[in-house]
Amino acid sequence: MTVTEQDRATARRVLQDCMANGLSPEVTVARLALCLKPDIQAEELKNIAMEMGSHTPHQRGWLEEIATLLSCQADRFDNLRAAAACVIHERLSEETHEMTVARLACGFDKAAAISPAASVQLSSLGEEERLSAATAEITSWLEQQGIIGPDKTILDIGCGIGRFEYALCSRVRHIVGIDISCGMLAIARRRCAGLSNVELRQTSGLDLGEFEVASFDAILALDCFPYLVLAGIAEQHFSEMARVLRPAGKAAILNYSYRMSTALDACDIRRLAHMCAMDVIVDGEKPFRRWDGTAFLVRRVGGT
Ligand SMILES: C[S@@+](CC[C@H](N)C(=O)[O-])C[C@H]1O[C@@H](n2cnc3c(N)ncnc32)[C@H](O)[C@@H]1O
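Residues numbered from 1 in each chain as written. Predicted model: local features only at pLDDT ≥ 70, side-chain atom pairs only at ≥ 80, totals over all residues. Heavy atoms only, no water.

**Considerations on the overall build of the protein**
Filter applied, for reference: Only DSSP runs of H or I covering at least 4 residues are called helices, and only runs of E covering at least 2 are called strands; the numbering of each starts at the N terminus. Only C-alpha atoms enter the radius of gyration, while the globule expectation follows 2.2 Å times N to the 0.38, with N the number of residues. Burial here depends on accessible area, computed with a 1.4 Å probe over protein chains only, as a share of the maximum for the residue type. Under 20% is buried, over 50% is exposed, and the range in between is partly exposed. Pairs of residues are marked as contacts when any of their non-hydrogen atoms sit within 4.5 Å. Computed by Shrake-Rupley with a 1.4 Å probe, the accessible areas treat only the displayed protein chains as cover when residues are assessed.
Each helix and strand counted, the protein has 13 helices and 7 strands in total. Expected size for 304 residues packed as a compact globule is a radius of gyration near 19 Å; at 20 Å, the protein falls within 12% of this value. Summarising its shape, the C-alpha atoms of the protein cover approximately 60 × 40 × 35 Å along the three principal directions. Considering the protein as a whole, with its 304 residues, one finds that 53% of them fall into the buried category. By sequence separation, contacts in the protein at least 24 residues apart represent 68% of the contacts at least 6 residues apart. Of the roughly 13,700 Å² that the protein leaves accessible, carbon and sulfur atoms contribute 51%.

Given below as structure tokens:
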């Protein structure tokens, strides 16, 4: 298939945006996988990166790193693109909340079958090792925020392949991971087999009705809220989180939506937090190097 000048222009624009925003080569390759049609091959993208105008030595090195990732990992790049294409990040017309959730569950089943690591974080480039490094970075941020501890019972909404259950189980009392995708959960169950304080459940994805009032010390929603926003059930989930959290319990929302506006997300989170008697403690920070997620932390009022 012919690669059009428009495809090339899109590739250059993605590269320029990522460079201007100081994103890592891995995150940039993931963005290229998301934004470009499959007609444009990794080799061609590598050439586009290398042909970009004159730059500082740092930018030159950054472009070379991207070119290396693309040329060493052409097959992986195709896989990445295939995994990304499984989940459509748009609400289709006439879709009800239930239909969107069911479609997303199917999409994540398919993505997990192609690449478990890419299905939860594209910038892992489908590699478990890169994913573990990113997981460790996020885990240490959670620890700094006082979310994990040996006395804590945690709910993880949209637990995916169970990477946080595996990483956190030795540092918390109990962790419950819920997800709508049986394909993701099957991988999580294999990963967490034999871990006695990890519980994994398939959920309807529509609410947290299966949990009692004030049953968790903390909630994780790591790259899951964008799908709740997409399905039109974010507001419902926010008040559900407030209901199941103990007083002073915290919820970490890493990425609220994919609208590409931290200001808009921060505004929505402040409104929802206010509505649910919660305080916003972290308001749209970018604390990670290995992943471009935006962090929000809210706390239920009350307690000490
Ligand atoms: C990008 S993955 C992130 C997975 C995991 N939190 C991680 O970071 O490794 C998003 C996950 O959210 C799940 N998900 C999407 N909508 C959901 C919903 N309404 N309720 C629970 N999980 C949902 C998907 O099935 C998928 O496993």
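**Quick notes on the packing of helix H1 (residues 5-20) against helix H4 (residues 57-72)**
Just so we agree on the cut-off: Structural elements are reduced to axes, namely lines fitted to C-alpha atoms, with helices fitted over the stretch in contact, and the angle between N-to-C directions of any two is expressed from 0 to 180 degrees. An angle below 35 degrees is treated as roughly parallel, one above 145 as roughly antiparallel, one from 65 to 115 as roughly perpendicular, and anything else as oblique. Throughout, a crossing is termed right-handed when the near helix is turned clockwise from the far one, and left-handed when it is turned anticlockwise from it by less than a right angle. Only Asp, Glu, Lys and Arg are considered charged, only Ala, Val, Leu, Ile, Met, Phe, Trp, Tyr, Cys and Pro nonpolar, and every remaining residue, Gly among them, polar.
Contact geometry for H1 and H4: axes closest at 12 Å, N-to-C directions at 130°. Judged by the inter-axis angle, H1 sits oblique to H4. When you trace H1 past H4, the crossing you get is right-handed. Residue-level contacts link Leu 15, Cys 18 and Met 19 of H1 to Gln 59, Trp 62, Leu 63 and Ile 66 of H4. Partitioning the contact of H1 with H4 into residue classes produces 6 nonpolar, 1 polar and no charged.

**Here we look at the nonpolar core**
In plain terms, the rule: Nine residue types can take part in a nonpolar core, namely buried Ala, Val, Leu, Ile, Met, Phe, Trp, Tyr and Cys, and a core is a set of them joined through side-chain atoms within 4.5 Å.
Residues Leu 155, Phe 225, Phe 238 and Met 241 are the most contacted members of the largest nonpolar core, which totals 48 residues. Membership of the second largest hydrophobic core comes to 31 residues, among which are Leu 32, Ala 42, Leu 45 and Ala 84.

**Description of the pairing of strand S5 (residues 245-254)**
Going by this rule: Think of it this way: DSSP has to see at least two bridges between two strands before they count as a pair.
With 8 of 10 residues buried, S5 lies mostly within the body of the structure. Where strand S4 (residues 216-222) meets S5, 6 bridges bridge the pair, whose relative direction is parallel. Along S5, the bridge assignment pairs Ala 221 with Ile 253. Bridge count for S5 against strand S7 (residues 295-300) is 5 bridges, and the pairing is antiparallel. Across the sheet, the residue bridging to Ile 253 is Phe 296, located in S7.

**Let's talk about the domain arrangement of the protein**
Heads up, the rule is: What fixes the domain bounds is an automatic or database domain assignment. Accessible area that two parts lose when put together, with a 1.4 Å probe and added across both, is what the buried area reports. The term salt bridge refers to a side-chain nitrogen of Lys or Arg lying within 4 Å of a carboxyl oxygen of Asp or Glu.
Along its sequence, the protein is organised into domain 1 (3-85) and domain 2 (128-300). Spacing between the C-alpha centres of domain 1 and domain 2 amounts to 30 Å. Taken residue by residue, the interface counts 7 residues in domain 1 and 6 residues in domain 2. On the domain 1 side of the contact with domain 2, Glu 26, Val 27 and Arg 31 bury the most area, a combined 69% of that side's loss. Arg 31 is the salt-bridge partner of Asp 292, the closest N and O atoms lying 2.6 Å from each other.

**Observations concerning the site of the ligand**
Quick reminder of the rule: When at least one non-hydrogen atom of a residue lies within 4 Å of a molecule or strand, that residue is treated as near it. Distance and chemistry together define a polar contact, namely a pair of N or O atoms within 3.5 Å, with one atom able to donate a hydrogen and the other to accept it when in protein, and with adjacent residues in sequence counting only for side-chain atoms on both sides.
Taken together, the neighbourhood of the ligand is formed by 19 residues, with Gly 158, Arg 163, Asp 179, Gly 205 and Leu 222 sitting nearest. At 2.6 Å from an oxygen atom of the ligand is found a side-chain nitrogen or oxygen belonging to Arg 163. Relative to its free-state accessible area of 600 Å², the ligand is covered by the protein chains to the extent of 99%. The set of elements that each furnish at least two residues to the shell around the ligand consists of helix H7 (116-120), helix H9 (163-168) and helix H11 (225-231). Class assignment for the residues of the shell around the ligand results in 10 nonpolar, 6 polar and 3 charged.

**A word on the packing of aromatic side chains**
The test is simple: Stacked, tilted and edge-to-face are the three classes assigned to paired rings of Phe, Tyr and Trp, where Trp is represented by its six-membered ring and a pair needs centres within 6.5 Å; plane angles under 30 degrees give stacked, over 60 edge-to-face, the rest tilted.
Under the counting rule described, the total for this entry stands at 7 aromatic pairs. On the numbers, 5.2 Å between centres and 80° between planes, the contact of Phe 211 with Phe 216 is edge-to-face. Side by side, Phe 211 and Phe 216 carry an identical accessibility label, which is buried. Seen in terms of ring centroids, Phe 288 and Trp 291 are 5.8 Å apart; in terms of plane orientation they differ by 35°. Their pairing is tilted. With relative accessibility at 7%, the residue Trp 291 sits in the buried group.

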